[in-house]
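For reference, the chains in residue letters:
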Amino acid sequence: MTLTDLFDLSLRGRPDTVALEFEGNTYTFGDLECRSNRLAQFLISESFSPGDRLCVYLANSVEMVDIYLACIKAGVIFVPINILYRDREISHILQDAEPRAVISDQHLPVSVPLWTRASLMASLNRSSSERPPVTLDGDCAASIIYTSGTTGTAKGAVLSHNNFAVNALNLLTCWQITSADRLLLALPLFHVHGLGNGLHCALISGCRTRLLERFAHESAGDVFLQFRPTLFFGVPAMYVRMLEWDPVLARKIGSFMRLYVSGSAPLPAAVLDKFETLFQHRILERYGMSETLMNISNPYLGERRAGTVGLPLPGVSARLLDADGKSVPAGETGELYLRGPNVFSGYWKREETTRSAFLDGFFRTGDLATRSPDGYYTLCGRKSDLIISGGFNIYPREIEEFLQEQPEIQEAAVVGVSDPVRGEVPIAYVVAAHEFEASELESRCRSKIASFKIPRRFVRVESLPRNALGKIQKHLLPK
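Residues numbered from 1 in each chain as written. Predicted model: local features only at pLDDT ≥ 70, side-chain atom pairs only at ≥ 80, totals over all residues. Heavy atoms only, no water.

(A) Structural context of helix 1 (residues 3-11). A large share of helix 1 lies buried, amounting to 7 of its 9 residues. All of the buried residues along helix 1 are Leu 3, Thr 4, Leu 6, Phe 7, Asp 8, Ser 10 and Leu 11. Where helix 1 is buried, its residues meet helix 2 (29-45), helix 3 (62-74), strand 7 (141-146), helix 6 (161-174) and helix 7 (192-205). (Buried < 20%, exposed > 50% of the residue type's maximum accessible area, 1.4 Å probe, protein only. Helix = DSSP H or I, 4+ residues; strand = E, 2+ residues; numbered from the N terminus. Contact = heavy atoms within 4.5 Å.)

(B) Region of the structure containing the pairing of strand 3 (residues 53-57). With respect to burial, strand 3 is a largely interior element, 5 of its 5 residues being buried. Neither face of strand 3 is open: one carries Arg 53, Cys 55 and Tyr 57, the other Leu 54 and Val 56, and all of them are buried. Alignment of strand 3 against strand 4 (residues 77-80), held across 4 bridges, turns out to be parallel. Residue pairing for strand 4: Cys 55 is matched across the bridge by Val 79. Traced from strand 3 through helix 3 to strand 4, the parallel crossover comes out right-handed. Where strand 3 lies against strand 5 (residues 101-104), 4 bridges are found, and the strand directions are parallel. When the sheet's bridge partners are listed, Leu 54 is paired in strand 5 with Ala 101. (Pairing = 2+ DSSP bridges. Right-handed = clockwise from strand over helix to strand, strands pointing away.)

(C) Here's a closer look at the sheet that holds strand 13 (residues 284-289). Here we have 9 strands laid out as an open sheet, ordered 2-1-10-9-11-12-13-14-15, and mixed in their pairing. Edge positions in the open sheet fall to strand 2 (25-28) and strand 15 (311-312), since each of these has one partner strand only. The pairing of strand 14 (residues 293-297) with strand 15 spans 2 bridges and is antiparallel. Across the sheet, the residue bridging to Ser 297 is Leu 311, located in strand 15. Relative to the sheet, helix 2 contacts strand 1 (18-22) and strand 2, its axis offset from that of strand 2 by approximately 80°. (Axes fitted to C-alpha atoms, helices over the stretch in contact; angles between N-to-C directions.)

What follows is the structure in structure tokens.
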């Protein structure tokens, strides 16, 4: 089976049911079927063959959904580009992916055909609405998702129909998503969170979706009230802003919601607790990656444990290994390795990088974690973020969690800086909720955490640099 077979549960099985709302317009599953068939026929008429790449640089829109479905049907590899990327980053992806064409509403320096949304949709009137007869299998590549590239140039993770299918079926089952749900989708479709979780779950389950171009916290409350979703996928930065909403509004929204899910960045335990008090719902936190889609999740029924990402999803095997490749016992920190049908096949055109990314069939995530005796995983940060001070290992997230529990601190990011004596020492960048005394903050740290973990400075900043999914980019913090 391919993704098209799963999407047909709705595209062909529920043709008259409303599938999507976007900017005041509604589209049935039958509409999406017809629109994407025409677009798939157009791509084939433009000499696209299975395995060719199509780069797409667009914000969320119904056309973005059409294009993705058309690629899936025609066997074309969908290559979305982060809409926040600029010339240097875009040029790298275009050069690396070698697409046959590019779709963008902005002028891009390309040597292949460049279509705007308007020109593309105008061409569809000449295309047949019949689905093209293209034969594919589940191992065919569906998309190339480029990593954020915080430690170098972005790499393209090749994800197959099977990778996406297993991921969606896991989430539909474990989070009990059905056609009765109503999904508010404000995540960008150029990322696996919005695409592989949000859009795929909606298309397969047949639930009604309100797609937003972006999440605007000032108006999002009104959108919740008007659409009355039962399901919302967000990132921690969204939930932090939602804590600013009026308690009456929060409880009213909570009265019709079924499930809030958080991912793409660590959710501070303090935010989870405050959100539960305000909205009367406990956020379900999970853990995924561009290369693996979803790996680990807190249970829908059962304890959603603060600070953890939960238990491995069905079919996913997880290991925690030390620097020598040996398993670490429960409670100790190790690098997280993963194996399962959700894990990608490799990086686009990077055979050596792909080989070094796997050990005995397990993918090296680069994330540090601990496992509780009953199997819950807690992320400690990126291996590259580890601070070694005077021979001691310091995991920034432990300090960040403590700082964010303090009433003066809204957000915190801890990094290591060079020190002539200890090698590295921790420094904390903080977004303050109100004025604070650094000495008082340091005193509280001394009473709760080991002396070598105490930040040597508290640097106040207006905001922390983040990528489009809300993940803090520590390399962009002021020096």
